[in-house]
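Residues per chain are reported as follows:
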Amino acid sequence: MSNELWLALAIVFIIEGIMPMLMPKQWQKMLTSVSQQPTDKVRKYAGCLVVTGFVLLFIL
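Below or above, wherever it landed, is the structure these notes cover. (Residues numbered from 1 in each chain as written. Predicted model: local features only at pLDDT ≥ 70, side-chain atom pairs only at ≥ 80, totals over all residues. Heavy atoms only, no water.)

A look at the packing of aromatic side chains
So, step 1. Within the structure shown, the criterion is met by one aromatic pair.
So, step 2. Taken together, a centroid distance of 6.5 Å and an interplanar angle of 20° make the contact between F54 and F58 stacked. One end of the pair, F54, and the other, F58, are both in helix α3 (residues 39–59), four residues apart, so they sit about a helical turn from each other.
So, step 3. The class of F54 is partly exposed, set by a relative accessible area of 46%.
So, step 4. Judged by relative accessible area, which is 68%, F58 ranks as exposed. (Phe/Tyr/Trp six-rings, centres within 6.5 Å; stacked < 30°, edge-to-face > 60°. Helix = DSSP H or I, 4+ residues; strand = E, 2+ residues; numbered from the N terminus. Buried < 20%, exposed > 50% of the residue type's maximum accessible area, 1.4 Å probe, protein only.)

Structural notes on the pattern of salt bridges
So, step 1. Throughout the structure, instances matching the rule amount to one salt bridge.
So, step 2. In this structure, the salt-bridge partner of R43 is D40, at a minimum N-O distance of 3.9 Å. Taken as a pair, R43 and D40 lie in helix α3 at a separation of three residues, close to a single helical turn. Comparing R43 with D40, the two get one shared label, exposed. (Salt bridge = Lys/Arg side-chain N within 4 Å of Asp/Glu carboxyl O.)

Right, dumping it as structure tokens:
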């Protein structure tokens, strides 16, 4: 893998780890509320995030 890909992965890990590190109780509440959502709704939300990520990747 190229260095840029490893850098991007490192940034994702940092961003994903900030919320549970700084606000663990609120993060747990958010995970609980997401887990109670219908599967279709979660899948659509995740799909939008993936498409947005690809669009940003190709624009930048």
